[in-house]
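Overview (structure and organization)
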Amino acid sequence: MENTKINAWEKTLNGLKTWARINSPWVIHYNSGSCNGCDIEILATLTPRYDLERFGVKLQGSPRHADILLCTGPVTRQSRDRLLRIYEQMPEPKFVVALGSCGLSGGVFHGSYNIAGGVDEVLPVSAYIPGCPPRPEAIIQGVVALLNSLKEPKG
Ligand code: SF4
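Predicted model only: the values in this text are computed from it and were never measured. (Residues numbered from 1 in each chain as written. Predicted model: local features only at pLDDT ≥ 70, side-chain atom pairs only at ≥ 80, totals over all residues.)

Take the site of the ligand next. Residues in close proximity to the ligand total 13 residues, the closest being Cys35, Gly37, Gly100, Cys102 and Cys132. Counting only elements with at least two residues in the shell around the ligand, the list comes to helix H2 (37-46) and helix H4 (100-105). Of the residues assigned to the shell around the ligand, the class counts are 6 nonpolar, 7 polar and no charged. (Near = placed C-beta within 6 Å. Helix = DSSP H or I, 4+ residues; strand = E, 2+ residues; numbered from the N terminus. Nonpolar A, V, L, I, M, F, W, Y, C, P; charged D, E, K, R; others polar.)

Glancing now at unusual backbone geometry. Cis geometry marks the peptide bond from Glu92 to Pro93, where omega comes out at -10 degrees. With respect to the secondary-structure elements, Pro93 resides in the loop between helix H3 (80-89) and strand E5 (95-99). At the junction of Cys132 and Pro133, the peptide bond is cis and its omega measures out at -10 degrees in the coordinates. With respect to the helices, strands and loops of the structure, Pro133 is situated in the loop between strand E7 (127-129) and helix H5 (136-149).

Further remarks concern the nonpolar core. Counting 30 residues, the largest nonpolar core has Leu69, Leu70, Cys71, Val96, Val97, Ala98 and Leu99 as its most contacted members. Contributing elements (two or more residues each) for this core: strand E1 (26-31), H2, strand E3 (68-72), H3, E5, E7 and H5. Per element, the largest residue contribution to this core is 5 residues, and it comes from E5. Sequence-distant contacts of Leu69, defined by excluding residues within four places in its chain, comprise Ile28, Tyr30, Ile86, Tyr87, Met90, Lys94 and Val96. (Core = buried A, V, L, I, M, F, W, Y, C linked by C-beta atoms within 7 Å. Buried ≥ 20, exposed ≤ 12 C-beta atoms within 10 Å, placed from the backbone. Contact = placed C-beta atoms within 7 Å.)

So, about the sheet that holds E3. On the basis of which strands lie adjacent, the open sheet formed by 5 strands has the order E2-E1-E3-E5-E7 and parallel pairing. Because the sheet does not close on itself, it has two edges, and the strands there are strand E2 (58-59) and E7. Sheet topology places E1 next to E2; 2 bridges connect them, and they run parallel. From the neighbouring strand, Trp26 faces E2, where its bridge partner is Lys58. H2 contacts E1, E2, E3 and E5 of the sheet and is inclined by roughly 135 degrees relative to E3. Along the sheet face, H5 touches E5 and E7 and points at about 170 degrees away from the line of E7. (Pairing = 2+ DSSP bridges. Axes fitted to C-alpha atoms, helices over the stretch in contact; angles between N-to-C directions.)

Printed below as a string of C-alpha cells:
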C-alpha cells in the first residue's frame, strides 16, 4: 500500500517535471566550428518575427541550467573537448540538437584534417536539423519535434 502511494507520488512528480521541461526548455548554444551562418539563423529564430520564445524556449549561457544543447558547425579537434565539457556540466536529462549540414556530418568541412566530424561523433544527438544554413522555420520545427518527443507515452 505504502509502495503504491510512493509510486503514484513519483509518477505525478515526474509528470510535473516533464510538463515543466516541455513548456520551458532552457537552451545553450555552442558553435563548435560553424562558419556563423547557422548561428545567425538561430538569432533570427529568436527575434520577434519568428519568436521561438513563444514555445517557452529561453537562451541562456550556463550549461548548468540548460536542458538542450544547440550545437552548430562541424566539431573541430580544437573545440571537441570544450563541447564535451559543456555537455558534462548539463544536468540530466539533457538533449543535444545538431544544427546544419555541418552539425550533421561535417558538411563542407567533412574530411578536413582539423575536423573530428559531425556532432554525433562526439555526443548522443536527440534531434537533427538539416540545411546550410537551416531556415528559422526548420529550426522551430526541429525544436518543437524534440519537445513533442519528450511527452510521456499515453496509456
Ligand atoms: S551548415 Fe552551412 S551555414 Fe551552417 S556552419 Fe555549415 S557551412 Fe555554415
